[in-house]
Amino acid sequence: MKNDPFTLGGKEFHSRFILGSGKYSMELIRAAVEHAGAQIITLAVRRTNTKETENILDYIPEDVTLLPNTSGARDAKEAVRIARMARELGCGDFVKIEIMKDSKYLLPDNNETVKATEILAKEGFTVLPYMYPDLYAARALVDAGAAAVMPLAAPIGSNKGLAAREFIRILIDEIDLPIIVDAGIGRPSQACEAMEMGAAAIMANTAIATAGDIPSMAGAFKSAIEAGRAAYLSGLGRVLERGAAASDPLTGFLRD
Amino acid sequence: MGKNQFFVDCAGLSEKTLEKKRRLEQDPSSRKNHMEYMEGMERISSGIMNHVLDQMHGYDPGAYTDADVKNALARENCGPEDLKALLSPAALPHLEEMAVRAREETGKHFGNTVYLFTPLYIANYCENYCVYCGFNCYNDIVRKKLTMEEIEHEMKIIAASGMEEILLLTGESRSKSDVNYIGEACKMAAKCFRNVGLEIYPVNTDEYRYLHECGADYVTVFQETYDSDAYEKLHLLGHKRVFPYRFEAQERAILGGMRGVAFSALLGLADFRKDALASALHVYYLQRKYPYVEYSLSCPRLRPIINNDRINPQDVHEKELCQILCAYRIFLPYVGITVSSREQKHFRDGIVKIAATKVSAGVSTGIGDHEGKYEGSQTEDAGDEQFEISDDRSLGQMYADMEGEGLQPVLNDYVYV
């Protein structure tokens, strides 16, 4: 899809696969870059807060855009502090906001996320907020200056796929920013379906990290995302949406 | 293993002291009411304690059947009733299936990571008489409290090994190791390490808040046993005797701003199935009330102590311990599970692949002897240890062993905000 880039924070990306940060390993990062073609890799600031022996920053190739996230933040204030820390660590201006006030399901807190987005966008960050797919919150994120909106497909790490399908569809229809589907995507087919619906990109981690053959699954995601994107551009999404035309038109009785 | 004989009279005790000790041991009326708060102890009206204890008292492990266990294992999200089945004797024949399910849940929530940390004992003075503990006030051991210079020295040695998370421990003596002393140790630790935890005597909310401001963010308090009758017979003297104040420690720590709290029963003191149930429910109910907090569970078994080498974990064999850990993991997939150096290498290496997410390394439970342990030199004036450890691997060895098991050792996954 060389002629079909998408833009975030003034940067053009040709890959629509973003590696999430949940379960990291050298092998996973290598597979994401080499086999899934990832140009953006998320990393948890709290995992980079370590001595060099296991610093993830050292594992990430230079031409890849880093997307530090604020995982561990429980409110807007903490997220803002972690984002500023990321900038100081030299991670650039991109930041993914993750604010969770629930240690069990790790569901994002939309209210706090809107607050943090507003503060960080004003400070010049390219803000990518992870959110629960709610239309009002998504609109508030647009107003707050987000660069994209990242609704979850299902609870993080659950591999349950597009459980929030209908709500993500509404965001895709109503929000003018790129919609990046994040969290819960367990199979390439689910990534493909989200792309067919018109998602701008897919973020995944667990699905690949827990696969039997990591490089091979990374490749499968790349193919699926490209196929879904091609289908969307071809208009397939709209055909599916409306179903088949009735053979006997309901309006056939109209005369003049 | 014989029944535990906890009472040991050390030679150094005066006649008057011995007399008091024996009276405490033999005459229940000489002991304070363990359900009554002492002066200065904060009370919080929470209701969680009664909830946990009611469930525990009503639990009859023998009442659960093979079918109950199968039903529990078939359920996507296990509730308290399923936990009771999984902890029951009926679940033992299903241990392998439980391990498979536990491994799956651990993988979903933690991937293949395993966190490493080390404890640092800074003082072993204690005002409690807990009959099974090496630090108890009647046990004739070498007592020591590290000075700030000594603490810094110990911390530098540990930090130089690569360790980034430290757990500071003291004996339970407010007079010898007061909150300010512990606070100063936290400030020092925050300079040398990324992550500072505390395992000290329970304190009030404002004191937890102070310690949090000094750099600590995790608090571990072991209830030892949730059976309050057994508790009364094991903790004969001191602040620790007060059962509800100890039970509510984690909640006060949360209210004081701590990010995470850890729980445990010391298995072998009472009915371990009931204690395991209560430990897990303690976490479960607190999580419902404070969902933003990080929770973790430990599972120590009784170990021999100085002057009493006969103390043993009774009927909690490795198989039962594994069952408990798998049940914890299946019921509480998101909580951290720590397995300490009380357990041997083969058990720790096995259980990290199933349910545990955190192990200690480079451990000494003595006071001020890291230089000796880490560098092979003699430490002459070290304080004696709390219990005998069973796994003395260094950080380097543990790191390499965990990698060898196909796991990803993690030294830090935390920022203080």
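Right, let's walk through the structure included here.

Definitions and limits used
Residues numbered from 1 in each chain as written. Chains lettered and ligands numbered in written order. Predicted model: local features only at pLDDT ≥ 70, side-chain atom pairs only at ≥ 80, totals over all residues. Helix = DSSP H or I, 4+ residues; strand = E, 2+ residues; numbered from the N terminus. Buried ≥ 20, exposed ≤ 12 C-beta atoms within 10 Å, placed from the backbone. Contact = placed C-beta atoms within 7 Å. Rg over C-alpha atoms; globule rule 2.2 N^0.38 Å. Nonpolar A, V, L, I, M, F, W, Y, C, P; charged D, E, K, R; others polar. Axes fitted to C-alpha atoms, helices over the stretch in contact; angles between N-to-C directions. Parallel < 35°, antiparallel > 145°, perpendicular 65-115°, else oblique. Left-handed = near helix turned anticlockwise from the far one by under 90°. Core = buried A, V, L, I, M, F, W, Y, C linked by C-beta atoms within 7 Å.

### Quick word on the overall build of chain A
Logical step 1: Each helix and strand counted, chain A has 10 helices and 10 strands in total.
Logical step 2: Per-residue burial over chain A gives 50% buried out of 256 residues.
Logical step 3: Taking as baseline every contact in chain A between residues at least 6 positions apart, the subset at least 24 positions apart corresponds to 62%.

### Considerations on the overall build of chain B
Logical step 1: In terms of regular secondary structure, chain B is built from 16 helices and 11 strands.
Logical step 2: On C-alpha atoms alone, chain B measures out to a radius of gyration of 20 Å, which is about the 22 Å that the 2.2 N^0.38 rule sets for 417 residues.
Logical step 3: Its C-alpha atoms give chain B principal-axis dimensions of roughly 60 × 50 × 40 Å.
Logical step 4: Looking at chain B alone, contacts between residues at least 24 apart form 77% of all its contacts between residues at least 6 apart.

### Describing the interface of chain B and chain A
Logical step 1: Across the contact, 21 residues belong to chain B and 25 residues belong to chain A.
Logical step 2: Contributions of two or more residues to the side of chain B that touches chain A are made by helix H5 (95-110) and strand E8 (294-298) of chain B.
Logical step 3: Broken down by element, the side of chain B that touches chain A gets its largest block of residues, three residues, from H5 of chain B.
Logical step 4: Grouping the amino acids of the side of chain B that touches chain A by side-chain chemistry returns nine nonpolar, seven polar and five charged.

### Quick look at the packing of helix H3 (residues 76-88) of chain A against helix H4 (residues 110-122) of chain A
Between two packed helices, both the angle of their axes relative to each other and the distance between the axes serve to describe the pair.
All names here are of chain A.
Logical step 1: Packing of H3 against H4 brings their axes to within 8 Å, and their N-to-C directions diverge by 40°. Of the possible angle classes, the one that applies to H3 and H4 is oblique. H4 is crossed by H3, and the crossing has right-handed handedness. Counted together, Ala76, Ala79, Val80 and Ala83 of H3 and Glu112, Lys115, Ala116, Ile119 and Leu120 of H4 form the full contact between these two elements.
Logical step 2: Considering only residue class, the contact of H3 with H4 consists of seven nonpolar, no polar and two charged.

### Details of the nonpolar core
Logical step 1: Ranked by internal contacts, the top residues of the largest apolar core, which has 128 residues, are Leu168, Leu325 and Ala327 of chain B.
Logical step 2: Among all residues touching Leu325 of chain B, those that are not within four sequence positions of it are Cys299, Ile337, Ile351, Ala355 and Ala356 of chain B.
Logical step 3: Grouped together as the second largest cluster of nonpolar side chains are 84 residues, Val127, Ala148, Ala153 and Met197 of chain A included.

### A closer look at unusual backbone geometry
Logical step 1: In the Ramachandran plot, Leu106 of chain A falls in the positive-phi region, its phi being about 55° despite a non-glycine side chain.
Logical step 2: Residue position: Leu106 of chain A is located in the loop between strand E6 (94-97) and H4.
Logical step 3: The exposure class of Leu106 of chain A is buried, given the 20 C-beta atoms found within 10 Å.
Logical step 4: One non-glycine residue, Glu224 of chain B, lies in positive phi territory at about 70°.
Logical step 5: With respect to the element layout, Glu224 of chain B can be found in strand E5 (residues 218-224).

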